[in-house]
Amino acid sequence: MRTPRSTTAQPKGARPHPGSAALSDEPEVTQVESHHATGGAGVRTRSQHQRRKRIIQAAAALASRGGVEAMQMRTVAERAGVALGTLYRYFPSKMDLVVAVVSEELDLLEESIARRPPGSTTPAGRAVDVLMRATRSLMREPELADALIRSLIMAEVEAPFGDRVTGLLLRVAAGGLTTEDATEEQVAVAGSLAGIWVCELLEMLRGRRTHDQVQSRIEIAAARLLIDF
């Protein structure tokens, strides 16, 4: 799940991000946009949206090479071409920034699935397709994947990762079912499968599982859990 690529030339090994205009060339964000910027509250101008996206991509680029430890707020601000105070208005803490990076990656996964839906005729097959597609995308940048997942496990802010993966599994496995319309049991089952996937992904990142082993275990879990979908 990668952030969109820019055609702007970047240093070798760097994760591309659009533009690098100085803060003086951009309008300041207001307090209304500050803390709620991570949640998309309110209407942002085009330049504000681009600034926020630049910050997220800068953070992802740093994390992909050095983990969350490399996502120092001052370094992120410098790479994104914004003032440190502006960065904190959009993202009050590093964890808020981590959550935003994860949300961006999930957006891209959902867009990919919308363009190319799973072709399996069974709920379990469709769920496995989505989870293994996500696995392949994440493993293209294992440092970033490891940093994001480990950070979200220890998150001190509300992280939408588990809920969004659960919702995605419900939609693909049960033909568009939403968490609002699903039964408590269905939500629990989809959430359990999402949790198993996260654990298997961590084992893969630690070198304890191969891709084939992860797929086999996810297939077994999906077949058992989604039998009544």
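See the structure above.
These numbers come from a predicted model, not from an experiment.

What counts and how
Residues numbered from 1 in each chain as written. Predicted model: local features only at pLDDT ≥ 70, side-chain atom pairs only at ≥ 80, totals over all residues. Heavy atoms only, no water. Helix = DSSP H or I, 4+ residues; strand = E, 2+ residues; numbered from the N terminus. Buried < 20%, exposed > 50% of the residue type's maximum accessible area, 1.4 Å probe, protein only. Contact = heavy atoms within 4.5 Å. Areas by Shrake-Rupley, 256 points an atom, 1.4 Å probe, with all protein chains shown as cover. Phe/Tyr/Trp six-rings, centres within 6.5 Å; stacked < 30°, edge-to-face > 60°. Axes fitted to C-alpha atoms, helices over the stretch in contact; angles between N-to-C directions. Left-handed = near helix turned anticlockwise from the far one by under 90°. Nonpolar A, V, L, I, M, F, W, Y, C, P; charged D, E, K, R; others polar. Parallel < 35°, antiparallel > 145°, perpendicular 65-115°, else oblique.

Another point: the overall build of the protein chain. Helix and strand counts for the protein chain stand at 9 helices and 0 strands. Relative to its full complement of 229 residues, the protein chain shows a buried share of 46%. By sequence separation, contacts in the protein chain at least 24 residues apart represent 70% of the contacts at least 6 residues apart. Put simply, the protein chain shows about 11400 Å² of open surface, and 52% of that area lies on carbon and sulfur atoms.

Given two aromatic rings, one states the distance between the centres and the angle between the planes to describe the pair. On inspection of all chains with the given rule, the structure shows 1 aromatic pair. Ring geometry for Y90 and F91: centres 6.3 Å apart, planes at 35°, overall tilted. For the pair shown, Y90 and F91 are each scored as buried.

All right, on to the packing of helix α5 (residues 123-139) against helix α8 (residues 184-205) then. For any two helices packed against each other, one specifies the inter-axial angle together with the distance between the axes. Contact geometry of α5 with α8 gives a least axis separation of 11 Å together with a crossing angle of 30°. For the pair α5 and α8, the crossing hand works out as right-handed. Contacts between α5 and α8 involve A127, L131, A134, T135, L138 and M139 on the former and, on the latter, L193, W197, L201, M204 and L205. Of the residues belonging to the contact of α5 with α8, the class tally is 10 nonpolar, 1 polar and no charged.

For the pair α8 and helix α9 (residues 211-225), interaxial distance at closest approach is 10 Å and the crossing angle is 165°. With respect to each other, α8 and α9 are oriented roughly antiparallel. Of the two elements, α8 crosses α9, and the hand of that crossing is right-handed. Note on element contacts: α9 touches α8 through H211, V214, R217, I218, A221, A222 and L225, opposite V189, S192, L193, I196, W197, E200 and M204. Its residues assigned to classes, the contact of α8 with α9 comprises 10 nonpolar, 2 polar and 2 charged.

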